[in-house]
Amino acid sequence: MSKVVNYSMANRGQVLRFVPAEDLSADESRRLDTMRRTARARQDSLDHQCVDWGLSVPDALEELTAGRAGSSAAYAGSAYYAALQIIIDHNASDPDTLGSYRSPLTLFSALDDALGAEGVPAELLPRQYVFSGPPSEIGFHIPHPMDGSPEIGVWPLAKAVPAVEAYRAVLDRIDPDLRYDLEELVKALDGWASEWKEGQGAWWWAEDGSVFFSITG
């Protein structure tokens, strides 16, 4: 079964306004109401598939927005990550698809090895940010999904700029079996990184502008 890797752009601060959700503006309150409707629809879909995580997505959303993730259910991490992705989606650009892979972890580990062998610095290798987990600024622990799905990754656009340059510099020397996937990653990062680089200092490109990754399937 394949897993789909999507990506979008958001300012981490806007996402963190809802984790926890305190002193929301009228617009943010309306956005939270929309998130709650999305969470219920997500749960309806899971119920239809007879998927039981031991914690519903709406309840997971309410916990995150209250500043906690306290369920001890074995698969609660999946519900929390699904709820967090809803928060991200409602504060981000429309998502694009990077690709569908049989094993994204295997692919990005192979890219790490290939890029590292060509001298790309460790801090720019892709596995760390595609699989980074929730934003580090969240002040409480969110359990990781038991079976590794869904996954979340986040990476500052400021780091994406040198990564694109480094990847392009070695692209012709990368194993042809990996080259297409690396080209797609370069395109994904470059679209936002180039605009961020040109728009630094503009109000819509806050310093915490980041690429968010979502892996489902």
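Residues numbered from 1 in each chain as written. Predicted model: local features only at pLDDT ≥ 70, side-chain atom pairs only at ≥ 80, totals over all residues. Heavy atoms only, no water.

Notes on the confidence of the model for the chain
Keep in mind that low pLDDT regions are not for reading the predicted coordinates in detail.
Inference 1: Of all residues in the chain, 95% attain a pLDDT of 70 or more, and the chain-wide mean is 92.
Inference 2: Averaged over each element, pLDDT in the chain is lowest for helix H8 (residues 176–199) (86) and highest for helix H3 (residues 57–65) (98). (pLDDT = per-residue confidence, 0-100. Helix = DSSP H or I, 4+ residues; strand = E, 2+ residues; numbered from the N terminus.)

A few points about the pattern of salt bridges
Inference 1: Scanning the entire structure with this criterion turns up eight salt bridges.
Inference 2: Among the salt bridges present, the one from Arg36 reaches Asp33, with a minimum N-O distance of 3.4 Å. Of this pair, Arg36 and Asp33 both sit in helix H2 (residues 26–48), separated by three residues, roughly a single helical turn.
Inference 3: According to the relative accessible area criterion, Arg36 is partly exposed, its value standing at 26%. (Salt bridge = Lys/Arg side-chain N within 4 Å of Asp/Glu carboxyl O. Buried < 20%, exposed > 50% of the residue type's maximum accessible area, 1.4 Å probe, protein only.)

Quick notes on the packing of aromatic side chains
Inference 1: Tallied over the entire structure, the rule returns four aromatic pairs.
Inference 2: Relative to Phe131, the ring of Phe108 has its centre 6.4 Å away and its plane inclined at 70°; by these criteria the two rings are edge-to-face. Here the residue Phe108 occupies a position in helix H5 (residues 104–117), and Phe131 occupies one in the loop between helix H6 (127–130) and strand E3 (151–156), the gap between them amounting to 23 residues.
Inference 3: According to the relative accessible area criterion, Phe108 is buried, its value standing at 1%.
Inference 4: Between the aromatic rings of Tyr129 and Trp155, the centroid separation amounts to 3.8 Å while the plane-to-plane angle is 15°, which identifies the pairing as stacked. (Phe/Tyr/Trp six-rings, centres within 6.5 Å; stacked < 30°, edge-to-face > 60°.)

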